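Working through the structure, step by step
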Amino acid sequence: MKNLFLYIVLLFPMFVFSQNEQLAQNYFDRGEFDKAILIYEDLVKGQPNNYNYFQKQVACYQQLNQFDKAESIIKNRIDKTKQPNLYIELGYNYQLQKNTDKADKNYKIALEKIKENPNNVYNVARDFEQKSLIEQAIEAYRLGTLGNPDANFDYQVSLLQGQLGKIDLMIDTLLDYSFKFPSNLPLVQNQLTRFMSEDSQKTFSDSLKKALLIRTQKTQDIFWNQFMSWFFVQQKDYGKAFIQEKAIFKRSPDNLINIINLAKITIDDKEIETATEILNFILLNTQDLELQMEAHYQLISIDIDKATEYPIIKEKLDLLLKKYGISPYSINLQILKAHFDAFYLKQFESAKTILTKALDLPLNNYQKADVKMELADVLLLDEKFNQAIIYYAQIQDDLKNDQMAHEASLKMAKASYYKGDFDWAQKQFTVLKSSTSQLIANDSMELFLLISDNTVEDSTQVALKKFSKADFLAYQNKNTEALQLFETILAQHKGEKIEDVTLLRIGKLYEKQNNFQQSLNYYQQIIDKHAEGIYIDEALFFSAEIYRKQLPDIAKAKAYYEKILFAHEDSIYFVEARNNYRKLRGDTNL
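About the criteria used
- Residues numbered from 1 in each chain as written.
- Predicted model: local features only at pLDDT ≥ 70, side-chain atom pairs only at ≥ 80, totals over all residues.
- Heavy atoms only, no water.
- Axes fitted to C-alpha atoms, helices over the stretch in contact; angles between N-to-C directions.
- Helix = DSSP H or I, 4+ residues; strand = E, 2+ residues; numbered from the N terminus.
- Parallel < 35°, antiparallel > 145°, perpendicular 65-115°, else oblique.
- Left-handed = near helix turned anticlockwise from the far one by under 90°.
- Contact = heavy atoms within 4.5 Å.
- Buried < 20%, exposed > 50% of the residue type's maximum accessible area, 1.4 Å probe, protein only.
- Expected span 1.5 Å × (residues − 1).
- Core = buried A, V, L, I, M, F, W, Y, C linked by side-chain atoms within 4.5 Å.
- Salt bridge = Lys/Arg side-chain N within 4 Å of Asp/Glu carboxyl O.

Moving on, we come to the packing of helix 23 (residues 403–418) against helix 24 (residues 422–432). At a minimum axis separation of 8 Å, helix 23 and helix 24 run at an interaxial angle of 155°. By the criterion of interaxial angle, the relationship of helix 23 to helix 24 is roughly antiparallel. Crossing angle aside, the handedness with which helix 23 passes helix 24 is left-handed. Of helix 24, the residues touching helix 23 (which contributes H406, S409, L410, M412, A413, K414, S416 and Y417) are F422, W424, A425, Q428, F429 and L432.

Structure below.
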């Protein structure tokens, strides 16, 4: 007990000190410098070596126009510590009083200290940067390099040049720095990405492209081809990125990893034509069986999405499984075969057999989860709701807190929603709408609001039951029946809360059937009649996408994107809408 009391006594002053520091910072942030200075004066007395407290004390005096007091404490600290960066504080204090001669004199003293000891460059350059004294900071780094040729400050200097508006010089310095120090390439590319994202007039992107092209043409080093490929990926110009990757592969044919990564990016971004070209290139240039299977898997997945001739795809899948055999290595092909049998051929038993046999293979936990997820999806498709929920729950237990477990949770909640168990589904959506996965959170929030809104308006949930049944028909690819039921909902529940989301679902189903004009008609009804609803941004975005991709009309596409950019900044489609709008406008900074 005695020791505990002693511990509390010793700890109490530290606690009070921390509280005072926070209070002083709050006053400082609110611009109440007369209150902040009283606390900072006490803090400096208690911890005279704390440079942060000292700087805040100086800043408070300066904000209160008490320049004499600021000068006094700075000079006292110079006498005691001889820190070279204090001359910057003193010079800046004179600068605030418009005494440029004295300011420049002290800045020069600080720079002279680097000549005396090159290690002083770090504190001196940092303080110049903090005071936005860019030219002096650049000079500090120059002197630091002269005094210590082994030191390199190109990265810091390049960013300072950017602040001065010397963009071309900044780019050249950054590129040369990355070539000299390849391990720092990610650091450089992160900075370049930041500048490109802020480049509304595409001048930065054009300058960077020009600088990279010059280096690619001047030297044969594949470093610059790789950098050029990275640049085109940032611009979403995957075809040009692939040209660079092929040039690299010709000189380094043992490594396909970058081309494989590019293929994945194009697939994720639904650049199907380029993805197909890259995947076929991989098949022609690898003997690796796993790579071959993955390429075939992606190519057949693309074929399935646009297929009308199912027997041809079935034959391809059968031949591939015969070629590569039934083993853990071909598990993705087995799952794809089961999915195709169930969702496209409606051969449920065949799909279940493939998947249950796959579970007998020596699979790792993630492979087992993949198989169980597909099996649950097939069971749900076959209206075996409870069996599907059991498998989703198994994935949750097997991979606790994993992303795949969250996906299984969402599908389990959807299964309950499809069969009309709204109370249980709503409890799950309540948890999942806080998911770290944006997609899961968005889906969960949409269904949470759907159930909430249509339960408040109609406690018997008549319209909601019809709607969940129509949603399930759409999941089963019974699009004609789903459309009929959605149209019935529109007719029987006109003007009710469920109307706008029903219009959205009908629009998406017509899109799926490539009936784009009908799709646009339904989206337009949301835009005209439900402009204050939560689905307006989706209607605008989907309309813009149709005019951009399917029924090309640049003017109309831009008009819809603009409405998102100017009126719906909180939309989950905002970033993509902005990128597509810029592409249509002719920008390259995407």
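Still more to cover.
Within the secondary structure layout, D68 lies in helix 4 (residues 67–81). As for D68 and N93, which are separated by 25 residues in sequence, their C-alpha atoms are 9.1 Å apart.

We now examine unusual backbone geometry. The backbone of K98 shows a phi angle near 65°, a positive value even though the residue is not glycine. Among the structural elements, K98 can be located in the loop between helix 5 (86–96) and helix 6 (100–116). Overall, the relative accessible area of 73% leaves K98 in the exposed class. Even without being glycine, N514 reaches a positive phi, approximately 65°. Of note, N514 is situated in the loop between helix 28 (499–512) and helix 29 (516–529).

Attention now moves to helix 32 (residues 574–585). Between its first and last C-alpha atoms helix 32 spans 16 Å; for twelve residues at 1.5 Å apiece the expected length is 16 Å, and the two agree. Where helix 32 is buried, its residues meet helix 11 (185–197), helix 30 (536–550) and helix 31 (554–567).

Membership of the largest hydrophobic core comes to 88 residues, with the highest contact counts inside it found for L380, Y392, Y417, F429, F467 and F486. Sorting elements by how many residues they give to this core places helix 21 (residues 365–381) first, with nine residues. Excluding its chain neighbours within four sequence positions, the residues that come into contact with F486 are F467, A470, D471, T502, R505, I506 and L509. In terms of nonpolar packing, the next biggest core, distinct from the first, is built from 46 residues, Y27, Y40, Y61 and Y94 among them.

On inspection of all chains with the given rule, the structure shows 29 salt bridges. Put simply, R30 and E32 hold a salt bridge, and the shortest N to O gap is 2.9 Å. Residue class for R30 comes out exposed when judged on its relative accessible area of 54%. The closest approach of N and O atoms between D398 and K372, which form a salt bridge, is 3.2 Å. Pair noted here: D398 is in helix 22 (residues 385–398) and K372 is in helix 21, with a separation of 26 residues, a long-range link.

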